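Descriptive structure summary
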Amino acid sequence: MLLITSMDQTFPNVVAYEFPSLTKLWEFRPTMKVFDMHLVWHEAETRSWCAKIFRDRIVVCSGHAVYMLDKNGKVLHSFEATNDVWDVEKLDNEYYIASQDGNVYVLNDDFILKKKLKVVEDFELIDPITNSSLGTFTRSVWDLVPNANGLLAVCEDGNVYFIKDGEIKEKINVESY
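Summarised in this report is the structure supplied together with it. (Residues numbered from 1 in each chain as written. Predicted model: local features only at pLDDT ≥ 70, side-chain atom pairs only at ≥ 80, totals over all residues. Heavy atoms only, no water.)

**Structural notes on the pattern of salt bridges**
Taken as a whole and assessed by the stated rule, the structure comprises nine salt bridges. For Lys24, the salt bridge goes to Glu27, with nearest N and O atoms at 2.7 Å. By relative accessible area, Lys24 is classed as partly exposed at 47%. For Glu27, a relative accessible area of 42% gives the class partly exposed. The closest approach of N and O atoms between Lys114 and Glu94, which form a salt bridge, is 2.5 Å. Taken together, the residues span a long stretch of sequence, with Lys114 in strand β13 (residues 113-118) and Glu94 in strand β11 (residues 94-99) at a distance of 20 residues. Each member of the salt-bridge network shares a partner with another, and the members are Lys52, Asp87 and Glu89. (Salt bridge = Lys/Arg side-chain N within 4 Å of Asp/Glu carboxyl O. Buried < 20%, exposed > 50% of the residue type's maximum accessible area, 1.4 Å probe, protein only. Helix = DSSP H or I, 4+ residues; strand = E, 2+ residues; numbered from the N terminus.)

This is the structure we're talking about:
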């Protein structure tokens, strides 16, 4: 199976093809309620940031949700986070979800939340003249990379975190700003 994802929001953005014939097997169009000043609240297709195949399951990160599909494109489970989800990895019988809100969500095989691990602290912007807070912003966990029976979490704060057994074991600063 060849799995193609795109950030297109007009046509189905997850499509599976037979390989090497490239016969289309199925397509998936994830949606969520969004607000538009002309259309008010309506369903719109979300951008699919990544899709990965884990044995006989396909996991798609799209918008604020993660979907588990079977080989025929049928949704088996889904999980909704509070913000965009960027990446997914599987270790043993757990799925780790990287999120815009600085969390790594740990889900079981049925996509039930086991743990919410705050990896990246929020950033508070301080006015240098008045020393007052201008706002607080979340920072992303962008990528999850398998490494030595754990995961490396590449994050917007310039650090890479080593996660093992659902805990942060080590932090390495790569970029300071």
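Still more to cover.
**So, the sheet that holds strand β19 (residues 167-173)**
The strand order across the open sheet formed by four strands is β16-β17-β18-β19, and the pairing between neighbours is antiparallel. The open sheet is flanked by β16 (141-147) and β19, the only strands paired with a single partner. In this sheet, adjacent strand axes meet at a mean angle of 25 degrees when their direction is disregarded. With six bridges joining them, β16 and strand β17 (residues 150-155) adopt antiparallel strand pairing. From the neighbouring strand, Asp143 faces β17, where its bridge partner is Val154. (Pairing = 2+ DSSP bridges. Axes fitted to C-alpha atoms, helices over the stretch in contact; angles between N-to-C directions.)

**Topic: the pairing of strand β2 (residues 14-17)**
For strand β1 (residues 2-5) and β2, the ladder comprises four bridges, and the chain directions are antiparallel. What sits directly across from Thr5, in β2, is Val14. Judged from the four bridges that link them, β2 and strand β3 (residues 24-28) form a sheet pairing that is antiparallel. Bridge pairing in β3 links Val14 to Phe28. In this antiparallel pair of consecutive strands, β2 and β3, the connection spans six residues, and Leu22 shows a positive phi of 60 degrees.

**Observations regarding the packing of aromatic side chains**
One pass over the structure, following the stated rule, counts five aromatic pairs. Between Trp49 and Trp86 the ring centres are 4.8 Å apart and the planes differ by 65 degrees, which places this aromatic pair in the edge-to-face class. Note that Trp49 is positioned in strand β6 (residues 48-54) and Trp86 in strand β10 (residues 85-91), a separation of 37 residues in sequence. On the accessibility criterion, Trp49 (27% relative accessible area) is partly exposed. By relative accessible area, Trp86 is classed as buried at 18%. Pairing Phe79 with Tyr105 gives two aromatic rings, centres 5.3 Å apart and planes at 55 degrees, and the pair type is tilted. Of this pair, Phe79 sits in strand β9 (residues 75-80) while Tyr105 sits in strand β12 (residues 103-107), and the two are 26 residues apart along the sequence. Given a relative accessible area of 11%, Phe79 falls into the buried group. Three or more aromatic residues joined by ring pairs make a cluster, and in this case those are Phe54, Tyr95 and Phe111. (Phe/Tyr/Trp six-rings, centres within 6.5 Å; stacked < 30°, edge-to-face > 60°.)

**Observations regarding the environment of Ala51**
The residue Ala51 is located in strand β6 in this model. Discounting residues that sit within four places of it in the chain, Ala51 has contacts with Leu3, Thr5, Val59 and Val60. (Contact = heavy atoms within 4.5 Å.)

**Topic: a nonpolar patch on the surface**
Taken together, the side chains of Leu2, Ile4, Phe19 and Leu22 make up a nonpolar region of the molecular surface, amounting to roughly 370 Å² of accessible area. The residue Ile4 is located in strand β1 in this model. Given the relative accessible area of 39%, Ile4 is considered partly exposed. (Patch = residues over 30% accessible without salt bridge, like charges linked within 9 Å, V, L, I, M, F, W, Y side chains within 5 Å. Areas by Shrake-Rupley, 256 points an atom, 1.4 Å probe, with all protein chains shown as cover.)

**Quick word on the sheet that holds strand β7 (residues 57-62)**
Strand order in the open sheet formed by four strands is β6-β7-β8-β9, with antiparallel pairing between adjacent strands. At either end of the open sheet lies a strand with only one pairing partner, and these are β6 and β9. Within the sheet, the average angular offset between the axes of one strand and its neighbour, ignoring direction, is 15 degrees. In this sheet, strand β8 (residues 65-69) lies alongside β7 in antiparallel orientation, the contact comprising five bridges. Following the sheet pairing, Cys61 is matched in β8 by Val66.

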